[in-house]
Amino acid sequence: MRDLWIVASYTIKDMLKKKTFIISNLVIFLIIIVGFNVPNILNMFNEDESSENGSALLSKTLIVDEKNIFEGSLETLNTMNLGTQFEITNEEISIDDVKNKIVNGDVDDAIIINESDNKVNVEYIVENMAMMNNEVPEKVTNMLTSAYTNLQISKLGLTQEQLASLTPNFTFELQQAEEQEVKGNILVIMLLSLVLFYAIYFCAYQVSNSITTEKTSKIMETLVTSTSPRTIVLGKTIGIGVVGLLQVIAIVAVALICAYACLPEGMLSSALDLSQITPTLGILTVVYFILGYATYALLYALTGSTVSKPEDVQSANGPVAIISIIGFYLAYFTMMNPTSDLNVFASIFPFSAPFCMPFRVMMGIATPGQIAISIIVLLLTIVIVASVSIKIYSNAILNYGSRVSLKDMINMYKHGS
Amino acid sequence: MGLKVEHVNKTYGTKKVVNDISFEIDKPSVYGLLGTNGAGKTTTIRMILGILKKDSGEISWNGKEVKRKNVNFGYLPEERGVYPKTKIYDQMMYFAELKGMKKEKAIESLKYWANRLEVEQYINMTPEKLSKGNQQKIQFITAIIHDPELIVLDEPFSGLDPVNTELLKNVIIELIRNGKYIIMSSHQMHSIEEFCSDVLILNKGETVLKGNLKEIKEQYNANRVSLSTIENVDKYIKELGLEIYNSKDNDYIINISGEEDGYKLINKLIENKVKVEKFEIMKPSLNDIFIEKVGEAK
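Calculation rules
- Residues numbered from 1 in each chain as written.
- Chains lettered and ligands numbered in written order.
- Predicted model: local features only at pLDDT ≥ 70, side-chain atom pairs only at ≥ 80, totals over all residues.
- Helix = DSSP H or I, 4+ residues; strand = E, 2+ residues; numbered from the N terminus.
- Buried ≥ 20, exposed ≤ 12 C-beta atoms within 10 Å, placed from the backbone.
- Pairing = 2+ DSSP bridges.
- Axes fitted to C-alpha atoms, helices over the stretch in contact; angles between N-to-C directions.
- Contact = placed C-beta atoms within 7 Å.
- Nonpolar A, V, L, I, M, F, W, Y, C, P; charged D, E, K, R; others polar.
- Core = buried A, V, L, I, M, F, W, Y, C linked by C-beta atoms within 7 Å.
- Parallel < 35°, antiparallel > 145°, perpendicular 65-115°, else oblique.
- Left-handed = near helix turned anticlockwise from the far one by under 90°.
- Domains from an automatic or database assignment.
- Expected span 1.5 Å × (residues − 1).
- Bend = angle between axes of the 7 residues up to and from the residue.
- pLDDT = per-residue confidence, 0-100.

Let us look at the overall build of chain A. When helices and strands are tallied, chain A shows 16 helices and 4 strands. Per-residue burial over chain A gives 32% buried out of 417 residues.

This part covers the sheet that holds strand β6 (residues 73-76) of chain B. Residues and elements named next belong to chain B. Strand order in this open sheet of 6 strands is β6-β7-β8-β3-β9-β10, and the pairing throughout is mixed. Here the strands that pair on one side only, and so sit at the sheet edges, are β6 and β10 (206-212). Each strand axis lies, on average, 15° off the axis of its neighbour in the sheet, ignoring direction. Sheet analysis places strand β3 (residues 30-35) next to strand β8 (residues 181-185), joined by 4 bridges and oriented parallel. Pairing of Gly32 across the sheet is with Met184, part of β8. Packed onto the sheet, helix α1 (residues 41-48) meets β3, β7 (150-154), β8 and β9 (196-203) and runs at close to 155° relative to β7. Running over the sheet, helix α5 (residues 162-177) touches β3, β7 and β8 and is turned about 145° from β8.

So, on to the sheet that holds strand β5 (residues 64-65) of chain B. Residue and element names in this part refer to chain B. Pairing is antiparallel in the open sheet, where 4 strands are placed in the order β2-β1-β4-β5. The open sheet has two edge strands, β2 (15-25) and β5, and neither has a second partner. Here 2 bridges tie strand β4 (residues 56-61) to β5, and the two strands are oriented antiparallel to one another. Note on β5: the bridge partner recorded for Ser60 is Glu65.

Once that is clear, we can look at the interface of chain B and chain A. Across the boundary between the two partners, chain B contributes 20 residues, which contact 16 residues of chain A. The element contributing the most residues to the side of chain B that touches chain A is helix α2 (residues 88-98) of chain B, with 4 residues. Each residue belonging to the side of chain B that touches chain A can be placed in one class, and the counts come to 11 nonpolar, 3 polar and 6 charged.

General note: in soluble globular proteins, nonpolar side chains tend to be found buried as a group. Counting 130 residues, the largest nonpolar core has Ile200, Ala204 and Ala297 of chain A together with Val152 and Ile182 of chain B as the members making the most contacts within it. Examining the composition of this core, we find that 12 residues originate from one element, helix α11 (residues 279-305) of chain A, more than from any other. With residues up to four places along the chain from it excluded, the contact list for Ala204 of chain A reads Tyr293, Tyr296, Ala297 and Tyr300 of chain A.

With that out of the way, let us pick up the packing of helix α2 (residues 19-36) of chain A against helix α9 (residues 229-262) of chain A. All names here are of chain A. Viewed as axis vectors pointing N to C, α2 and α9 meet at an angle of 20°, and their least axial separation amounts to 9 Å. In this view, α2 runs roughly parallel relative to α9, as classed from their interaxial angle. Between α2 and α9 lies a crossing whose hand is right-handed. Contacts between α2 and α9 pair Asn25, Ile28, Phe29, Ile32, Ile33 and Phe36 from the former with Gln247, Ile251, Val254, Ala255, Cys258, Ala259 and Cys262 from the latter. Taken together, the residues of the contact of α2 with α9 sort by class into 11 nonpolar, 2 polar and no charged.

Attention now goes to the pairing of strand β13 (residues 251-255) of chain B. A regular strand places its side chains on the two faces of the sheet in alternate fashion. Residues and elements named next belong to chain B. Alternating residues of β13 divide into Tyr252 and Ile254, all buried, and Asp251, Ile253 and Asn255, none buried. When strand β11 (residues 224-229) meets β13, the two strands line up antiparallel, connected through 5 bridges. Residue pairing in the sheet places Arg224 in a bridge with Asn255 of β13. Looking at chain direction, strand β12 (residues 243-248) and β13 are connected through 5 bridges and run antiparallel.

Attention now moves to the pairing of β9 of chain B. Residues and elements named next belong to chain B. Judged by how many residues are buried, β9 sits mostly within the fold: 7 of 8 residues are covered. Where β3 lies against β9, 6 bridges are found, and the strand directions are parallel. Counted as the bridge partner of Val30 is Cys196 from β9. Here 6 bridges tie β9 to β10, and the two strands are oriented antiparallel to one another. The residue bridging Asp198 from the neighbouring strand is Asn212, located in β10. The hairpin formed by β9 and β10 contains 2 residues between the paired strands, and Lys204 there has a positive phi angle of roughly 50°.

Another point: the domain arrangement of chain A. Each assigned domain of chain A is listed here: domain 1 (2-39 + 184-415) and domain 2 (57-160). Domain 1 of chain A and domain 2 of chain A are separated by 55 Å when their C-alpha centres are compared.

Residue and element names in this part refer to chain A. Counted at 1.5 Å a residue, the expected span for helix α12 (residues 313-334) with its 22 residues is 32 Å, and the 31 Å between its end C-alpha atoms agrees. Maximum bend of α12: about 40°, positioned at Pro319. Those residues of α12 that sit buried are Val313, Ala316, Asn317, Val320, Ser324, Gly327, Phe328, Leu330, Ala331 and Thr334. Check the buried side of α12 and you find it contacts α7 (186-216), α11, α13 (341-348) and α14 (353-362).

What follows covers the confidence of the model for chain B. Residues and elements named next belong to chain B. When pLDDT is averaged along chain B, the result is 88; 99% of the residues meet or exceed 70. The element-level mean pLDDT for chain B is lowest in helix α10 (residues 286-297), coming to 79, with helix α3 (residues 103-116) highest at 93. ipTM for the predicted complex: 0.79, alongside a pTM of 0.74.

Listed below in C-alpha cells is the structure:
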C-alpha cells in the first residue's frame, strides 16, 4: 500500500512538472476562454455598424420594387421581426449594381421585383448559391406571397370581422408517442459525450506511453526489483488518473465560468437544460470517468508493456483504440435515439457505458437499476482486465527486442508468475 | 548466513537457458559469474532476484526464500536505465523510498554516495544532459543507496573510462569491507580476477567451471613466460624449441609446457650473457582458463 502511494505520487509529480503538460493545458484554457468570447469579440467589431443600423446581428436585404408593384406595403416587413433588416427602394438599379452591393458587403442579399405580361417576376440574389439547393428559400417566397395577398385583400374593402375570419388562428404544439421524456438538446449532449470520450481516451493512452517510456529507457529492471509489477501498474494508473481527473475538472470549471461570465444571456440555457445539471450528475460523471479511465488505462498498460521500441507503440495500441472507437460510436450514434434498446445496451456495455450513461442521466431517462447494473459490469470488467494486464505486464516488461505476439501473451498468462 | 543457489533450472520454450546451476556465497565477498553472451548469466541473476520465475531448484538468503520482502538487495542491471527527463535527485529519492527508506536517511545516503562517486554537482540535473559514464554512476548509486546486504552488479565496468573504473573498484572494495555480499558478472576478466575469490563459468546454460579462483589456478601448470631483454633473443628461444606467442621491441610472451621450460630458457640466456630486464613464469590467466573451458565445451 505504501509502495502504491509512492508510485502514484511520483507519477503525479512527474506529470505535473512536465513542460508539455503545462503548455498543453494553458493552450486548452486559452482556447476555451477565446471560444466562449467569440460572440463578444464579434460584437466588438460590429459595434460601429450596429450604432448606425440598429442590431449588428441582423442581416440586411435589399428589395428593389422599381414599378412599385407592392404599393409601398413592403415597409411593413421591417415591423414583423423576421431577423432581417429590409432596405426597400423604388428606384431603378441595374442588376450588376445590386450584385456589387452584395459582393461589397453593403447588403447580404437582394430581391428584385419586376412585372412583365401581367406576371410578377421575383429574382432573389445571394452572394453564393452553394447552400441554396437551387431553390429560392421558402422564407422569402412565403414572405412576399403573404405581403402581396395582404395588399390585395386590403383593396377588397372587407369588414374587420371578414378580415379576421380570413386570418388563420392556429396553435402548433409538438408531442411524442413514447412515454419517456428526453430533456436537453441532443446535439449538445452528443458533443459533451465526445469531450468525455477524448478525456478518457487520452488519459488512458498516457499509461501506455509511460510504460513504454520505462521500457525504452531500460529503467524497468531497476523498477521491478524495487517493487512488484502489480504496484507499478496500479500506481501508475492511479497517478495518471488523478492528474487526468484534475485536468478534466479544471477544464470543465474554466468552461463553466467562461460560459456564465462571457456568453450572451440565454445562449447557455438554450443549449443545455440547466435544471438537469445536478450534483448527482456531477458525481456520476466523475464515477464514470474513473471507471472508464481504469478500464482503458489497464488495457493500455497491457499493450504498452508488450513493446520496447517507441515506434511499435502505435501498432500495439491498435486493438485498444479500435475497442474504444467501437464503444464510443455505439454510445454516440444510439444517443440520436436515446430511448432505443440499443442505447440502453450501450449504457451497460462496459466499453461504451462511460460515454453513454452520464448523458442518459442528463436526459433524465436512465433508471437507478440500469445505473447500478452498468457500474457493476464496469467494476467486474476492471477486475478482469486488471488481473490479465498485470499478469502479462509482469512477464512482458523484461522482454526486449521484438514485440510480444498474441501467442506469447496467452503463454505468459497461462504460465505467468 | 549468505546466498545459496541449488540445482536451479530455467527453460524458455524448448530451449534450456540455465541447467542445474548451484553455488554459494557464505561470506562477504565478490562472487564472479562469467560466461559468453547468452550463456545464461542475466537469467540466473533475474532468478536470484526473484523477477523471473525459476522452473525448479532452490534459491535462499539466510535460509529464507529470496523475495523482495525477505532480502534487502541492490541491483545494477546490464541494461542501463534512468528516467532521462526526470531530475536525478527526484528519481533517486523515488527508488530509495520504494526500497523502504525514510526521506531524511535517503537524502543522507544520496549525499554520501554522490560525493563518493563524484557526481554531486549533477544531482539537480536531468540524466539526458550527462555522459554515459556519469549516468552509469547515477544508476550505481540507485542500486546501493538503501544499503543493501546483497548486491548484484551486472557488467559494472562496461562503458567506464579508466579513471571511473578505478573509482568504482575502490567503491566495491569499500562495500566488501562493509560486509556486503556481491555477485558480479563481467566480461572483463582482469577485473573479476582482481575482486573475486570464487567464480562460476557458464556456457550455454551449463556450468563449465566453478570454485575458488586460486585453487582453480593451482591445478594448472605454468603455460607462459613473460620476458624483456635488451637485445633480440629469437634464436635462443627457437634453439630450445619454444614458441613465441607474441613479441614486440624485445618484450616476449613465450608458450611453455611447464616450469622446466622456463628454467631452461633463463639458464640459456644467462649462459649467453644476455641482459634480462624482466623474467616471469606465468600460470594461465582467468582469460586463458575461460577461453579454454568455453572452447572445450563447444
